[in-house]
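Geometric and topological summary
Here are the chains, one letter per residue:
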Amino acid sequence: MKPSLALLAVLVLTASGTIALARLSPAPAAVSAPSAKIPPRIVVQYAHVKSLRRTGGRFVMRVDPALWLTGVTAYHAAVEDKAIAPGDAVANDYYIRDSDHRLLTYRVPSNARVTVLTRGGAGPIPTTTISVAEFAQIIQGKNPKHRRLLEPKAGFWLRITVDNVLSLDQQYQP
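Residues numbered from 1 in each chain as written. Predicted model: local features only at pLDDT ≥ 70, side-chain atom pairs only at ≥ 80, totals over all residues. Heavy atoms only, no water.

Some details on the nonpolar core
Of all hydrophobic cores here, the largest spans 22 residues; its most connected members are Leu52, Met61, Val108, Phe135, Leu158 and Leu168. Elements that contribute at least two residues to this core include exactly strand 1 (43-55), strand 2 (58-70), strand 4 (104-109), strand 5 (113-117), helix 3 (132-139), strand 7 (156-161) and strand 8 (164-170). Considering every element that reaches this core, the biggest residue donor is helix 3, with four residues. Not counting chain neighbours up to four residues away, the residues in contact with Val108 comprise Leu52, Arg58, Phe59, Met61, Val132 and Val165. Formed by seven residues, the second largest nonpolar core is a distinct cluster that contains Leu69, Ala77, Ile84 and Val90. (Core = buried A, V, L, I, M, F, W, Y, C linked by side-chain atoms within 4.5 Å. Buried < 20%, exposed > 50% of the residue type's maximum accessible area, 1.4 Å probe, protein only. Helix = DSSP H or I, 4+ residues; strand = E, 2+ residues; numbered from the N terminus. Contact = heavy atoms within 4.5 Å.)

The structure is reproduced here in C-alpha cells:
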C-alpha cells in the first residue's frame, strides 16, 4: 500500500471513530455542569431554629446553621476544635461544628412540612408532622397541642430551594 493511501485510511478511521464517540457522548447542552447563575434546585442544611414569625401568608425563620459531622470527618473536626483530645472517640459518632453562630433568614411557606420528635409513638424514634403555625408557637416556648416533644432544642435538617424552606425534619441527638 502506498504511504499516501495508508495515511488516508488512518484519517478516515480516525474521523469515523471521532464521529462515533460524539454520537455516544451527550451534547454539551445536556451535560449538567454547574453554572454561576443557576443555584442547585434543593440544598439540605442542618441548623438550629432561633425564631419563626408570620409575615403575611408565609413565615420568616432565623436559623443558626451548623455542620453535622460523622465518622472520620467528625473526629478530625472535633480534634481541631479541641472538643476532644487526639485519640479520644467522638461521642455517639457525631460532632456539630457551629463556629460563628451567625444567623441566616429564610422564607417558610405556610404549607411547608415540619416533622418533630415526639414521645410515646410507634418506632424507636417517633415523629409527628405538624403545621408551620404550630411550630412557630413551639419555637416561642408554647405548646398549643400539648405534644410530648422529645428534644425541643435539637436541630433540624432544612430542605431549601433558593431562600424558601420546603421542609424541616428534626434530628435525633443521643
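Things to note about helix 2 (residues 71-80)
Every buried residue of helix 2 is accounted for by Ala74, Ala77 and Ala78. Buried residues of helix 2 fall within an arc of 100 degrees about the axis and therefore sit on the same side. Exposed and oriented more than 90 degrees from the buried face of helix 2 are Val72 and Glu80. Its buried side turned inward, helix 2 meets strand 2 and strand 3 (94-97). Positive backbone phi, approximately 60 degrees, marks Lys82, located one or two places after helix 2. (Arc of directions from axis to C-beta.)

Considerations on the packing of aromatic side chains
Under the defined criterion, the tally for this structure stands at five aromatic pairs. Between Phe135 and Phe156, the aromatic rings sit 5.0 Å apart at their centres with planes inclined by 65 degrees, giving edge-to-face as the arrangement. Highlighted residues: Phe135 in helix 3 and Phe156 in strand 7, separated in sequence by 21 residues. By relative accessible area, Phe135 is classed as buried at 2%. Joined through ring pairs, the aromatic side chains of Tyr46, Trp68, Tyr94 and Trp157 make up one cluster. (Phe/Tyr/Trp six-rings, centres within 6.5 Å; stacked < 30°, edge-to-face > 60°.)

Some words on the environment of Val108
With respect to the secondary-structure elements, Val108 resides in strand 4. In this structure, the C-alpha to C-alpha distance between Val108 and Leu168, residues 60 residues apart in sequence, is 9.7 Å.

Quick notes on empty space enclosed by the protein
Rolling a probe over the atoms, with the probe sized like a water molecule, indicates the empty space that remains. This model, assessed by the stated rule, comprises one cavity of 30 Å³ or more. Taken as a whole, the largest cavity spans an internal volume of roughly 50 Å³. Lining the largest cavity we find Val116, Phe135, Ile138, Ile139, Leu149, Glu151, Pro152, Phe156 and Gln170. In terms of residue count, the dominant contributor to the lining of the largest cavity is helix 3 (three residues). Residue composition of the lining of the largest cavity, by class: seven nonpolar, one polar and one charged. (1 Å grid on protein atoms, 1.4 Å probe; cavity = no way out; pocket = protein on both sides within 12 Å on 5 of 7 lines; lining within 4 Å. Points joined across faces, edges and corners; volume = space filled by probe spheres on them. Nonpolar A, V, L, I, M, F, W, Y, C, P; charged D, E, K, R; others polar.)

Examining the pattern of salt bridges
Opposite charge on two side chains permits pairing when their charged atoms draw close. Tallied over the entire structure, the rule returns five salt bridges. A salt bridge links Arg97 to Glu80, with the shortest nitrogen-to-oxygen separation between them at 3.4 Å. Remark: Glu80 occurs in helix 2 and Arg97 occurs in strand 3; sequence separation between them is 17 residues. The residue Glu134 makes a salt bridge to Arg147 at a minimum N-O spacing of 2.6 Å. Separated by 13 residues along the polypeptide, Glu134 in helix 3 and Arg147 in the loop between helix 3 and strand 7 bring together distant segments of the chain. With relative accessibility at 5%, the residue Glu134 sits in the buried group. Members of the salt-bridge network, linked through shared partners, are Glu80, Asp81 and Arg97. (Salt bridge = Lys/Arg side-chain N within 4 Å of Asp/Glu carboxyl O.)

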